[in-house]
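As a plain string of letters, each chain reads:
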Amino acid sequence: MRLAPPLAAMALAAATLASVLAGCGGGGDKLTVSAATSLKAPLAEYAGDEVNLSFGGSDQLAAQIRAGARPDVFVSADEELPAALHREGLVERPVRIGRNRLVVAVAEGGRVRRFEDLARPGIRIAAGAPSVPVGAYARRALPEAAERNIVSQEPDVGAVVARVRSGAVDAGLVYATDVAGLRAIEPPKPVEAVYAAAVVEGTEDRERARRFVRGLAGRPGREALERAGFRPPAP
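Residues numbered from 1 in each chain as written. Predicted model: local features only at pLDDT ≥ 70, side-chain atom pairs only at ≥ 80, totals over all residues. Heavy atoms only, no water.

**Considering the packing of aromatic side chains**
Part 1 of the reasoning: What the rule picks out here adds up to four aromatic pairs.
Part 2 of the reasoning: Ring centres of Tyr137 and Tyr175 lie 6.2 Å apart, and the angle between their planes is 70 degrees; this geometry places the pair in the edge-to-face category. You can see Tyr137 sitting in helix 5 (residues 133–141) and its partner Tyr175 sitting in strand 7 (residues 171–175), a full 38 residues away along the chain.
Part 3 of the reasoning: Given a relative accessible area of 4%, Tyr137 falls into the buried group.
Part 4 of the reasoning: Tyr175 gets classed as buried once you look at its relative accessible area, which sits at 2%. (Phe/Tyr/Trp six-rings, centres within 6.5 Å; stacked < 30°, edge-to-face > 60°. Helix = DSSP H or I, 4+ residues; strand = E, 2+ residues; numbered from the N terminus. Buried < 20%, exposed > 50% of the residue type's maximum accessible area, 1.4 Å probe, protein only.)

Structure (structure tokens):
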């Protein structure tokens, strides 16, 4: 199983945190938004040039906020992380912005042609690490026999997609919005991802951050999300 060595992982996290801290602080010309990797396309469209966007695994971004990073807004690929930060007094009450769904991404003509193939001996699967929302969702979808075939645990959905595209694995558990150029196989039991956004406490531009979140949850953001394949949040 290809796992990052502890020291390498710590160094990567420290470097990422340093980068985020350098770009945060609020009160500047642009808002700083830390968001899940799967939101790159719709957030780039919605935010335009008015926002500094920083992408990564939702768990890593939440850990950075706990460690002292202060982006203006946090957008997560699940509800649990921003809800936990809210309970800790680190973000304002989260707002649902959209939904996605988990699928199995495979290359055309590969060894995996149906969901049941994931449990076959020798099949190589990439998934997010268990602490990343896409990794937690993957473990809800996979039967135990298929979970044993996970050979690569990645920090975010972008890294999972890259492993499938490179041929390093036979399949990857990703979001439906991330399968361009690959074939998507639906799990027998649908697994839904609910995305949420929250203003980070301590921002020096609270009102502008709140307007950003309201717009993201409202029509402008919803239209950008829907064009990228996301569904609106449940009523």
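The structure having been displayed, the exposition proceeds.
**Describing the nonpolar core**
Part 1 of the reasoning: With 58 residues, the main nonpolar core has Leu39, Val75, Leu118 and Phe212 as its most contacted residues.
Part 2 of the reasoning: Per element, the largest residue contribution to this core is six residues, and it comes from strand 4 (residues 95–106).
Part 3 of the reasoning: If we skip the residues at most four places from it in the chain, Leu39 touches Phe55, Val75, Tyr195, Leu225 and Phe230. (Core = buried A, V, L, I, M, F, W, Y, C linked by side-chain atoms within 4.5 Å. Contact = heavy atoms within 4.5 Å.)

**Some points on the packing of helix 2 (residues 40–47) against helix 8 (residues 206–217)**
Part 1 of the reasoning: With their axes 11 Å apart at the nearest point, helix 2 and helix 8 run at an angle of 120 degrees to one another. In this view, helix 2 runs oblique relative to helix 8, as classed from their interaxial angle. Crossing of helix 2 over helix 8 shows right-handed handedness. Facing Leu43, Tyr46 and Ala47 of helix 2, the residues of helix 8 in contact are Arg211, Phe212, Gly215 and Leu216. (Axes fitted to C-alpha atoms, helices over the stretch in contact; angles between N-to-C directions. Parallel < 35°, antiparallel > 145°, perpendicular 65-115°, else oblique. Left-handed = near helix turned anticlockwise from the far one by under 90°.)

**Some thoughts on helix 8**
Part 1 of the reasoning: An ideal rise of 1.5 Å per residue puts 16 Å on twelve residues; helix 8 measures up with 17 Å between its terminal C-alpha atoms.
Part 2 of the reasoning: Every buried residue of helix 8 is accounted for by Ala209, Phe212, Val213, Gly215, Leu216 and Ala217. (Expected span 1.5 Å × (residues − 1).)

**With respect to the side chain of Asp78**
Part 1 of the reasoning: Within the secondary structure layout, Asp78 lies in the loop between strand 3 (73–76) and helix 4 (80–87).
Part 2 of the reasoning: Side-chain polar atoms of Asp78 contact the side chain of Ser76, separated by 2.7 Å.
Part 3 of the reasoning: Filtering out sequence-adjacent residues up to four positions away, Asp78 remains in contact with Pro133, Tyr137, Val194 and Ala196. (Polar contact = N/O pair within 3.5 Å; in protein donor to acceptor, adjacent residues only side chain to side chain.)

**Concerning the environment of Val160**
Part 1 of the reasoning: Checked against the element boundaries, Val160 lands in helix 7 (residues 157–166).
Part 2 of the reasoning: If sequence neighbours within four positions are ignored, Val160 has contacts with Ala126, Ala127, Gly128, Glu154, Gly172, Leu173 and Val174.

**Some words on the pairing of strand 1 (residues 31–36)**
Part 1 of the reasoning: Counting buried residues in strand 1 gives six out of six residues, a clear majority hidden from the surface.
Part 2 of the reasoning: With six bridges connecting them, strand 1 and strand 2 (residues 51–56) associate as parallel partners. In the strand pairing of strand 2, Ser34 is matched with Ser54.
Part 3 of the reasoning: With helix 2 bridging strand 1 and its parallel neighbour strand 2, the resulting β-α-β unit is right-handed.
Part 4 of the reasoning: Pairing geometry for strand 1 and strand 3, over three bridges, is parallel. Counted as the bridge partner of Ser34 is Phe74 from strand 3. (Pairing = 2+ DSSP bridges. Right-handed = clockwise from strand over helix to strand, strands pointing away.)

**Notes on the confidence of the model for the protein**
Any segment with low pLDDT has predicted coordinates that should not be analysed in fine detail.
Part 1 of the reasoning: Mean pLDDT for the protein: 90, with 88% of residues reaching 70 or above.
Part 2 of the reasoning: In the predicted structure, residues 1–27 sits below a pLDDT of 50 and forms 33 contacts with residues beyond four places in sequence or in another chain. (pLDDT = per-residue confidence, 0-100.)

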